[in-house]
Amino acid sequence: MYYSDEDKNIIEKILEVDKNTNTRVLGNIFENGIENSQGFYIDVENKDTVGVYVKEDYYQFLTKKYGMYGIKILIERVQDNLRHLVRLLINLEQSHLITFSGKFEEKFLGIKFENTKYIPFFGLDDETKDYLVIYSKKIFTPEEELKQLVKNKYSTKEEMNNRKQLSYTRLGLFLNALAIIISVIALIITGGRKFLTHYN
């Protein structure tokens with residue numbers, strides 16, 4: 001499978017969280033590399049509340065400086081990142097590279113301030129919302145195969161075996177070609193000697 005730079009960044013953050021924290025949850029992946037902003041948070045309490053919640057003062061700052069275009073860009077970027085995160089986690093889980101288990105009461109991703117007004121923005125598709133709620137309430141465990149995948153620079157065992165087989169094939173072709181060249185040279189030398197003997 002092909003992994004984009006964004007995929008690799010997320011995977012490496014997954015392993016970083018696994019190595020450095022005791023709580024292997026989606027919130028830590030999110031804060032350590034997907035999004036890290038004090039201007040908004042992602043509600044994941046349940047499917048009906050999932051959305052991007054922007055601090056009122058941050059909303060005012062963006063609209064004052066960039067107009068509604070600033071808010072539009074922010075929401076689209078965050079939503080795209082969430083969709084990408086979910087698609088990758090689904091793929092990793094289906095490929096048995098990561099497992100989700102147990103229960104964890106996560107209600108939001110990011111930093112949520114008390115006694116602060118937030119403006120909600122919705123628009124995520126149902127599948128992304130469903131998986132955000134599911135994954136945010138479980139503990140993840142990266143499998144050893146995922147660690148090896150990163151160690152092997154994202155080449156699977158099959159891809160590495162194919163490259164090794166290709167190297168052997170190329171070596172075989174080279175040796176065959178070398179043997180043919182040596183045979184031709186030997187024939188030329190033998191033929192030359194016979195010619196010289198006959199001429200003399």
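Up top is the structure these notes are about.
A word on the sheet that holds strand 5 (residues 118–121)
In spatial order, the strands read 4-1-2-5; together these four strands make up an open sheet with antiparallel pairing. The strands lining the two open edges of the sheet, one partner per strand, are strand 4 (108–110) and strand 5. Sheet twist, expressed as the mean angle between neighbouring strand axes with direction ignored, is 30°. As paired elements, strand 2 (residues 51–55) and strand 5 share four bridges and run antiparallel to each other. Across the sheet, residue lysine 55 finds its bridge partner in strand 5, namely tyrosine 118.

Digging into the packing of aromatic side chains
Any aromatic ring pair is given by two values, namely how distant the centres are and how the planes are angled relative to each other. Tallied over the full model, the rule gives nine aromatic pairs. Measuring from centroid to centroid gives 6.1 Å for tyrosine 53 and phenylalanine 122, while their planes differ by 90°, and the two rings are edge-to-face. With tyrosine 53 in strand 2 and phenylalanine 122 in the loop between strand 5 and helix 5 (126–136), this pair connects stretches of sequence that are 69 residues apart. The class of tyrosine 53 is buried, set by a relative accessible area of 13%. Grouped by ring-pair contacts, the aromatic residues Tyr41, Tyr53, Phe108, Tyr118 and Phe122 constitute a single cluster. Just above the ring of phenylalanine 113 sits the side chain of lysine 55; from NZ or CZ to the centre is 4.6 Å.

A look at the pairing of strand 2
In terms of burial, strand 2 is a largely internal element, five of the five residues being buried. Neither face of strand 2 is exposed, since Gly51, Tyr53 and Lys55 on one face and Val52 and Val54 on the opposite face are all buried. Alignment of strand 1 (residues 40–43) against strand 2, held across four bridges, turns out to be antiparallel. Each residue of the ladder has a partner; that of tyrosine 41, found in strand 2, is tyrosine 53.

Notes on the packing of helix 3 (residues 56–66) against helix 4 (residues 68–94)
In the contact formed by helix 3 and helix 4, the axes pass within 6 Å of each other and the chain directions differ by 120°. The orientation of helix 3 with respect to helix 4, classified from their angle, is oblique. Of the residues in helix 4, those touching helix 3 at Tyr58, Tyr59, Leu62, Thr63 and Tyr66 are Met68, Tyr69, Gly70, Ile71 and Leu74. Of the residues contributing to the contact of helix 3 with helix 4, the split by class is eight nonpolar, two polar and no charged.

Focus on unusual backbone geometry
Phi at histidine 96 is positive, roughly 60°, even though this residue is not glycine. By the element assignment, histidine 96 lies in the loop between helix 4 and strand 3 (98–101). Taking the relative accessible area as the measure of exposure, histidine 96 reaches 59% and is therefore exposed. You will see that lysine 153, though not glycine, has its phi angle at about 60°, which is positive.

Quick word on the packing of helix 4 against helix 5
Running from N to C, helix 4 and helix 5 cross one another at 65°; their axes reach a closest spacing of 10 Å. By the angle between their directions, the pair helix 4 and helix 5 is classed as roughly perpendicular. Remark: the crossing between helix 4 and helix 5 carries left-handed chirality. Of the residues in helix 5, those touching helix 4 at Leu82, Arg83, Val86, Leu89, Ile90 and Glu93 are Glu127, Thr128, Tyr131, Leu132 and Tyr135. Considered class by class, the residues forming the contact of helix 4 with helix 5 number seven nonpolar, one polar and three charged.

Some words on the nonpolar core
If you look at the biggest cluster of nonpolar residues, it comprises 41 residues, and the most contacted ones within it are Tyr3, Ile14, Leu26, Ile42, Val54, Leu92 and Leu132. Counting residues per element, this core draws most heavily on helix 4, which supplies 11 residues. Leaving out residues up to four positions away in the same chain, valine 54 has contacts with Gly39, Phe40, Tyr59, Leu74, Ile75, Lys117, Tyr118, Ile119 and Phe121.

Examining the pairing of strand 1
Residues of strand 1 alternate between two faces, with Phe40 and Ile42 on one and Tyr41 and Asp43 on the opposite face, all of them buried. When strand 1 meets strand 4, the two strands line up antiparallel, connected through three bridges. From the neighbouring strand, tyrosine 41 faces strand 4, where its bridge partner is glycine 110.

Rules used in this analysis
Residues numbered from 1 in each chain as written. Predicted model: local features only at pLDDT ≥ 70, side-chain atom pairs only at ≥ 80, totals over all residues. Heavy atoms only, no water. Pairing = 2+ DSSP bridges. Helix = DSSP H or I, 4+ residues; strand = E, 2+ residues; numbered from the N terminus. Axes fitted to C-alpha atoms, helices over the stretch in contact; angles between N-to-C directions. Phe/Tyr/Trp six-rings, centres within 6.5 Å; stacked < 30°, edge-to-face > 60°. Buried < 20%, exposed > 50% of the residue type's maximum accessible area, 1.4 Å probe, protein only. Lys NZ or Arg CZ within 6 Å of the ring centre and 35° of its normal. Parallel < 35°, antiparallel > 145°, perpendicular 65-115°, else oblique. Contact = heavy atoms within 4.5 Å. Nonpolar A, V, L, I, M, F, W, Y, C, P; charged D, E, K, R; others polar. Left-handed = near helix turned anticlockwise from the far one by under 90°. Core = buried A, V, L, I, M, F, W, Y, C linked by side-chain atoms within 4.5 Å.

So, to be careful, I would describe these as geometric facts and stop short of saying anything about function.
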